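# Summary of the model geometry
One letter stands for each residue in the lines below.
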Amino acid sequence: MESAAFDYDLPDEAIAQTPASPRDSSRLLVTGDDVAHLRTRDFPTLLQPGDVVVLNDTRVLPARMHLAKPTGGQVEVLALEPAGDGRWEALVRPSRRVPDGTVLQSADGAGVLQVDEATGEGTRLVRPLGRAMEQTLATLGSVPLPPYITTELADDERYQTVYAHNRTTNTTPV
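Counting of residues starts from 1 at the beginning of each chain's written sequence and follows it residue by residue. The predicted nature of this model means local features are confined to residues of pLDDT at least 70 and side-chain atom pairs, given and counted, to a pLDDT of 80 or more, with totals for whole chains, interfaces and linings taken over all residues. Hydrogens and water are ignored here; the side-chain numbers use all heavy atoms of the structure.

### Description of the nonpolar core
Our working rule: Here, the term nonpolar core denotes a set of buried Ala, Val, Leu, Ile, Met, Phe, Trp, Tyr and Cys residues that are joined through side-chain atoms within 4.5 Å. A simple rule labels every residue: compare its accessible area, found with a 1.4 Å probe on the protein chains alone, to the largest value its type can have, and call it buried under 20%, exposed over 50%, or partly exposed in between. What counts as a helix is a DSSP run of H or I of at least four residues, what counts as a strand is a run of E of at least two, and both are numbered from the N terminus. When checking whether two residues touch, look at their non-hydrogen atoms; a contact exists if any pair is within 4.5 Å.
In this structure, M65, L67, V77, L104, L113, V126 and M133 are the most contacted members of the largest nonpolar core, which totals 20 residues. Every element with two or more residues in this core is listed here: β4 (64-68), β5 (74-84), β6 (87-93), β8 (111-118) and α2 (133-140). Looking at which element gives the most residues to this core, the answer is β5, with five residues. In this structure, M133 is in contact with M65, A79, W88, L113, V126 and P128, ignoring residues within four places of it in sequence.

### Topic: the confidence of the model for the protein
The predicted structure's coordinates, where accompanied by low pLDDT, should not be read in detail. Where we set the bar: You can read pLDDT as the predictor saying how much it trusts each residue, on a scale of 0 to 100.
When pLDDT is averaged across the protein, the result is 89; 94% of the residues are at 70 or more. Segment residues 169-174: pLDDT under 50, and 17 contacts once partners within four positions in sequence are set aside and those in other chains are kept.

### Overview of the side chain of S106
Rules: Between N or O atoms, a polar contact is any pair within 3.5 Å; within protein, one atom must be a potential hydrogen donor and the other a potential acceptor, and residues adjacent in sequence are included only when both atoms are from side chains.
Structurally, the position occupied by S106 is in the loop between β7 (102-105) and β8. For S106, a relative accessible area of 9% gives the class buried. A distance of 2.4 Å separates the side chain of S106 from the side chain of D108, its partner in a polar contact. The contact partners of S106, leaving out residues within four places of it in the chain, are L67, V112 and L140.

Next up, the structure:
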């Protein structure tokens, strides 16, 4: 089956830009023999004996950083996962304009991250400077929102699932 079979037009105004409040009031479309428009609070009523529910209790890391080259050019880094010896695999944009060894700076001019070689998979290896990547992300990172969310979150916790307790290195927005 071709992935194009799942393509459809979705108008921008149909995409929620902020999480529903209260959280259990999010809309839930149920398909099957009939179509039903419910709320997430109704989910338990849909379960039957023998159903299996998989709980996602992982947190999304604040893995997107907006940094600058020493020349002042802006660079976005999305940390993906540890790659060993303290380095992380990351998406770096614009990658071609960031030579190996470039030290990226925070808004206050402090060097925080060194960009190393390309992996051959469209990513780069990056090395945090002066502290562990987790500390760097906690200080400088933001939640990596999917590209169809165009507004900044007032509170990153609102983007976490209500069951989010475990840290994960998977930062890919779904």
